[in-house]
Each structure stands twice: as structure tokens, then as C-alpha cells.
Amino acid sequence: MTHTPDIVRPPRHLVDALREAGSATCAGDLKRLGIRNSFIAGATCWTPGRPAIAGPALTLSFLPLREDVYQDDEYADPEKQMHRHCLYHAQQGDIVVVDARGSMHSGVFGEMMLTYFAGRGGLGVVVDGCIRDWPKAKELDLGFWMKGVTPNYHTQIEIFPYGVNVPIGCGGALVMPGDIIVADEDGVVAVPVSLAEKLAERASHHAEWEEFSRMRLSEGGDLRKYYPLREDAQAEFEAWRKAGGGA
């Protein structure tokens, strides 16, 4: 089993800027920066109405269960269970991202583990699979993005936890430990830290011209001119900015 030391957490101002941008803007602008696929597919929002979140990724990987490698006994030796060790790293503002191989049978965390994570200041859980104890888990102050829920515990059927804070594939996207995760009701995006500053700058500009375009479209403006913002609308946009629009 693989256990990498604690993650390097990105600057808070970048995390906050990307949360404000939202997953859709981040995904679109990452494509323009050369990252074709940043979207964690299949992990849908189970806590609608909650504010968007962003934070560094604690990663956890599962592998197919094979009995000669991993003996299934939920409580026999808890400290051998790597999913616990992932949560031991949790700090204020972290998001745990789990490669659960799309399993709809295994609940990678239950109420007690999730209560611990919330108590450590965790923000949310992203799983390409399931959790269990949903009636209690949904009462916690956490956001959940996942494929579903199950009554089964984490190694009961087909997978077992193998790696902590290692690169993972989650919902078809590569997630590196410490990536900035942006999650809202549109979905979940993994942002490479190396691109976070450039992305935050682009996202801020994107949000500004979209606010201007939204205003013009609500007034009956020409969709062809205002979305995307055409060159002959740039002077109008700059005048709006100078007059304090968007402030």
C-alpha cells in the first residue's frame, strides 16, 4: 500500500478566486490553457443549495479486492485501513477526492469517518462511487459529490483502499494531490496548481465581460454581438468598466 506525505496546499487567495469563478468557467478556461479534461464525470452534487466550494485535494485510491493481498475485516486492525490515513491529513478547507473505481457497491466512508473529517475542517467529499450512512452524513456540514449511496462498508464487496495522497484517476480526470478542486452544482473540476494563477486572472476577466453581456442581453441586446463579446462591443464594454460597472 502507498502512503505519500502530506500535500502542499496552494495559496488561499487562489483558492478563493477559483471558487468565485465556479466549475464551468474553470473548465472552459482550462481548455483554453491547454487542459482538455479537468471535469470529474459522474460525481454529481448530492447537496444542492449549498455554496460552491474550492480547496486542495487529499487523494485516496482503491483497487480491486483480492483476498491474498487484502483480508476483509472491517474492525480487526483499523490502522491498516488506508482510508482512515487519508483523513488523518485533513486540515481546514481540504476536499477529499476518491478513486473508487466507479463502484456502486462499496461505501468508501460512513458517518463516523465523515464526522471526523468535518470536525477537522474538511469542506467536501468527491467520490466516483458511493458512501454509506447517508441519512446521517447529509446532516454534516460537508458538500457531497458522488455517484450514489449504499448500505455496504468500504471493503465489503469488490474494492479496497490502497494509496493516500497519490495521483489518481477520478471520473475520467487526473487528480494530483494538492490540486485545487472547484465544486458546485454544475460539477467538479480539478485545477493544476501550476495554472491556478493564470486561470484566476482569466476567470476574473471572463466573469466581468459576462456580467456586462448578461446585462445587455437582459435588455434585448443582440446575442451575436454580446455572447461571446464581439470586437465591435469592446469599446462599449470598456466604457461600462470605466464607469464602475461590475464594481
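What you see is a predicted model; the values in this text were computed from it and never measured.

With the exception of glycine, the majority of residues adopt a negative phi angle, and the majority of peptide bonds are in the trans configuration. For the peptide bond that leads from Y227 to P228, omega is -5°, which places it in the cis range. Considering the arrangement of structural elements, one finds P228 in the loop between helix 7 (223-226) and helix 8 (234-242). The phi dihedral of D133 falls on the positive side, at around 60°, and the residue is not glycine. For D133, the position within the fold is in the loop between strand 6 (130-131) and helix 5 (134-137). For D133, a relative accessible area of 33% translates into the label partly exposed.

Of the two faces of strand 5 (residues 124-127), the one lined by G124 and V126 and the one lined by V125 and V127 are each fully buried. Strand direction decides the pairing type here: strand 4 (residues 95-99) and strand 5, joined by four bridges, are parallel. When the bridges of strand 5 are listed, V97 appears paired with V126. Considered for its hand, the β-α-β crossover made up of strand 4, helix 4 (residues 111-119) and strand 5 is right-handed. As defined by bridge partners, strand 5 adjoins strand 7 (residues 143-146) across three bridges and the pair is classed as parallel. By the bridge assignment for strand 7, V125 is matched with F144.

All right, on to the packing of aromatic side chains then. In the structure shown here, the tally under the stated rule is 10 aromatic pairs. Measuring from ring centre to ring centre gives 5.2 Å for W134 and F144, while their planes differ by 85°; the resulting arrangement is edge-to-face. Of this pair, W134 sits in helix 5 while F144 is found in strand 7, placing the two residues 10 residues apart along the sequence. A relative accessible area of 14% means that W134 is categorised as buried. Judged by centre distance (5.8 Å) and plane angle (40°), the rings of W209 and Y227 are tilted. Within this pair, whereas W209 is found in helix 6 (residues 193-218), its partner Y227 is found in the loop between helix 7 and helix 8, the two being separated by 18 residues in sequence. What makes W209 buried here is its relative accessible area of 14%. An aromatic cluster is defined as three or more aromatic residues linked by ring pairs; in this entry it consists of F212, Y226, F237 and W240.

The next point concerns the nonpolar core. Formed by 27 residues in total, the largest nonpolar core has its most connected members in V96, V98, V108, F109, L114, I131 and F144. Within the residue set of this core, elements represented by two or more residues are strand 3 (53-64), helix 3 (82-88), strand 4, helix 4, strand 5, helix 5, strand 7 and strand 9 (159-164). If we ignore the near neighbours within four places in the chain, the residues touching F109 are L60, H83, L87, V96, V98, L114, V125, I131 and R132. Residues I40, V126, V166 and C170 belong to the second largest nonpolar core, which totals 17 residues.

Conventions and cut-offs
- The written sequence of each chain sets the order in which its residues are numbered from 1.
- pLDDT decides what is reported in this predicted model: residues at 70 or higher carry local features, side-chain atom pairs at 80 or more are listed and counted, and totals for whole chains, interfaces and linings draw on all residues regardless.
- The side-chain figures draw on all heavy atoms in the structure; neither hydrogens nor water molecules are used.
- Secondary structure counts use DSSP, requiring at least four H or I residues in a row for a helix and at least two E residues in a row for a strand, with both numbered from the N terminus.
- In this scheme, a residue with accessible area under 20% of its type's maximum is buried, one over 50% is exposed, and one in between is partly exposed, where area comes from a 1.4 Å probe on protein chains only.
- For two strands to be treated as a pair, DSSP must find at least two bridges joining them.
- The handedness rule is simple: strands pointing away from the viewer, and a clockwise path from the first strand over the helix to the second, make the crossover right-handed.
- Two aromatic rings, drawn from Phe, Tyr or Trp (for Trp, its six-membered ring), form a pair once their centres lie within 6.5 Å of each other, and the interplanar angle then sorts them: stacked below 30 degrees, edge-to-face above 60, tilted otherwise.
- We define a nonpolar core as any set of buried Ala, Val, Leu, Ile, Met, Phe, Trp, Tyr and Cys residues linked to one another through side-chain atoms lying within 4.5 Å.
- By definition in these notes, contact holds between two residues if any of their heavy atoms fall within 4.5 Å.

These results come straight from atomic positions and should not be treated as a statement about function.
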